[in-house]
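Chain by chain, the residues run as shown.
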Amino acid sequence: MEKRLYALWQRPTQTGDDFRDALLKELSPQLAALESLHGIRLAVADSEVASAAMRRMATHQPLPGALLSLWVNPAGAAADWEPLIDGCVERRSGYLVEESEPLASRQRHPALPGERVFGMCQVVFLRKPPKLARDEWLSIWQGSHTPIAIETQATFGYRQNAVVRELDEHALPFDAIVEENFPPEAMASDHAFYATGGDDGLLQQRMTTMLESCARFIDFEHIDVIPMSEYCIK
């Protein structure tokens, strides 16, 4: 089984909520009916995460308005679902990824199909620094950085998607796409984001530790961070 991620852009006339509604009401039922899709997750930048605007980072404009996760088998059935996606979006970029899930959000905050997942899903598109070979980069990110991220943040879900290859020739060449689930209070509060209990000294310590760790494996000239609402579809 493979995991494919699709970054989706809404049409110019659509708000984030319009886009969310179209994807949930029009696209999701069509996708869920396909036997070739074994799992579907949708994240959308809508008004439910408006208070997380301070978390957004954009180095590649315009940012996508949604991220669609598909677990597929066989991979050759893309003609089943990609035309359905194209009918609901302005454009898309697809990525074949290898997923690692250090924290499973469904264990802490389970959601039924179609329900909004608790809190915020922070979606991050990133590249590795040019100086790092891929094996070294993966070792830093998935080895030494992962426990630091879990220890210093209030995440209850953490999915690491290492990009194997782009599925569209116009897709930006990212090395990874990260999905992190945070409680709703973390949208606007750094103390809630870093789980400090209001301790200013601990907040500064955790922010510094996290930034220093991220600097080891992220090229900050090529990173996009997008707060989204997440929905479990199938």
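Colleague: What am I meant to see in the overall build of the chain here?
Modeller: Tallying secondary structure elements over the chain gives six helices and eight strands in all. Counting from the amino terminus, helix and strand elements in the chain follow one another as β-α-β-β-α-β-α-β-α-β-β-α-α-β. The C-alpha atoms of the chain give a radius of gyration of 17 Å, which matches the 17 Å a tight globule of 234 residues would have. Principal-axis analysis of the C-alpha atoms places the extent of the chain at approximately 50 × 35 × 35 Å. Accessible area of the chain: about 10400 Å², with a carbon and sulfur share of 51%. Separation between the mean location of the 22 positive side-chain charges and that of the 34 negative ones in the chain comes to 1 Å.

Colleague: Looking at this model, I keep getting lost on the pattern of salt bridges. Mind explaining?
Modeller: Side chains bearing opposite charge may pair, as long as their charged atoms lie close to each other. Scanning the model with the defined rule gives 14 salt bridges in all. Linking Lys3 and Glu179 is a salt bridge whose minimum nitrogen-to-oxygen distance equals 3.1 Å. Within this pair, whereas Lys3 is found in strand β1 (residues 2-9), its partner Glu179 is found in strand β7 (residues 176-182), the two being separated by 176 residues in sequence. Like Lys3, the residue Glu179 is buried in the burial classification.

Colleague: When you look at unusual backbone geometry in this model, what are you seeing that I'm missing?
Modeller: A negative phi angle characterises most non-glycine residues, just as the trans form characterises most peptide bonds. Omega for the bond connecting Gln61 with Pro62 falls within 30 degrees of zero, at -5°, which places this linkage in the cis form. By secondary structure assignment, the location of Pro62 is in the loop between β2 (37-44) and β3 (66-72). A positive phi angle is found at Ala195, which is not glycine, with a value near 55°. Assignment of secondary structure puts Ala195 in the loop between α5 (190-193) and α6 (200-214).

Colleague: What is the right way to look at the packing of aromatic side chains in this model?
Modeller: The geometry of an aromatic ring pair is captured by two quantities: the separation of the ring centres and the angle between the planes. Using the criterion set out here, one finds six aromatic pairs in the structure. Taken together, a centroid distance of 6.3 Å and an interplanar angle of 15° make the contact between Trp141 and Phe217 stacked. Separated by 76 residues along the polypeptide, Trp141 in helix α4 (residues 134-152) and Phe217 in the loop between α6 and β8 (223-232) bring together distant segments of the chain. Side by side, Trp141 and Phe217 carry an identical accessibility label, which is buried.

Colleague: Explanation requested: the packing of α4 against α6 in the structure shown.
Modeller: What describes two packed helices is the angle between their axes and the distance between those same axes. Remark: α4 packs on α6, axes separated minimally by 10 Å, with the N-to-C direction vectors making an angle of 155°. As summarised for this structure, α4 and α6 are arranged roughly antiparallel, according to the angle between their axes. Along this stretch, α4 crosses α6, giving a crossing that reads as left-handed. Contacts between α4 and α6 involve His145, Ile148, Ala149, Glu151 and Thr152 from the first element and Arg206, Thr209, Met210, Ser213 and Cys214 from the second. Residues belonging to the contact of α4 with α6 are distributed by class as follows: four nonpolar, four polar and two charged.

Colleague: Looking at this structure, how should I read helix α2 (residues 78-86)?
Modeller: Three or four residues apart is the spacing at which side chains of an α-helix point the same way, because the helix has 3.6 residues per turn. Every buried residue of α2 is accounted for by Ala78, Trp81, Glu82 and Ile85. All buried residues of α2 lie within an arc of 100° about the axis, which places them on one face of the element. On its buried face, α2 is in contact with β1, α1 (16-32), β2, β3 and β4 (91-103).

Colleague: Whenever I open this one, the environment of Met210 confuses me. Can you help?
Modeller: Mapping Met210 onto the fold places it in helix α6. Classification of Met210 by relative accessible area gives buried; the value is 7%. Taking C-alpha positions, Met210 is 9.6 Å from Glu151, a pair spaced 59 residues apart along the chain. Other than its neighbours up to four places away in sequence, Met210 contacts His145, Ala149, Thr152, Gln153 and Tyr194.

Colleague: Which parts of the structure should I look at to understand the pairing of β1?
Modeller: A regular strand places its side chains so that they alternate between the two faces of the sheet. The element β1 is extensively covered by neighbouring structure, given that seven of its eight residues are classed as buried. Bridging between β1 and β3 involves seven bridges; their strand directions are antiparallel. Paired with Glu2 across the strands is Val72, a residue of β3. As paired elements, β1 and β4 share seven bridges and run antiparallel to each other. Bridging from a neighbouring strand, Tyr6 pairs with Gly94 of β4.

Basis of the calculations
- Residues numbered from 1 in each chain as written.
- Predicted model: local features only at pLDDT ≥ 70, side-chain atom pairs only at ≥ 80, totals over all residues.
- Heavy atoms only, no water.
- Helix = DSSP H or I, 4+ residues; strand = E, 2+ residues; numbered from the N terminus.
- Rg over C-alpha atoms; globule rule 2.2 N^0.38 Å.
- Areas by Shrake-Rupley, 256 points an atom, 1.4 Å probe, with all protein chains shown as cover.
- Lys, Arg positive; Asp, Glu negative; His and termini not counted.
- Charge placed at Lys NZ, Arg CZ, Asp CG, Glu CD.
- Salt bridge = Lys/Arg side-chain N within 4 Å of Asp/Glu carboxyl O.
- Buried < 20%, exposed > 50% of the residue type's maximum accessible area, 1.4 Å probe, protein only.
- Phe/Tyr/Trp six-rings, centres within 6.5 Å; stacked < 30°, edge-to-face > 60°.
- Axes fitted to C-alpha atoms, helices over the stretch in contact; angles between N-to-C directions.
- Parallel < 35°, antiparallel > 145°, perpendicular 65-115°, else oblique.
- Left-handed = near helix turned anticlockwise from the far one by under 90°.
- Contact = heavy atoms within 4.5 Å.
- Nonpolar A, V, L, I, M, F, W, Y, C, P; charged D, E, K, R; others polar.
- Arc of directions from axis to C-beta.
- Pairing = 2+ DSSP bridges.

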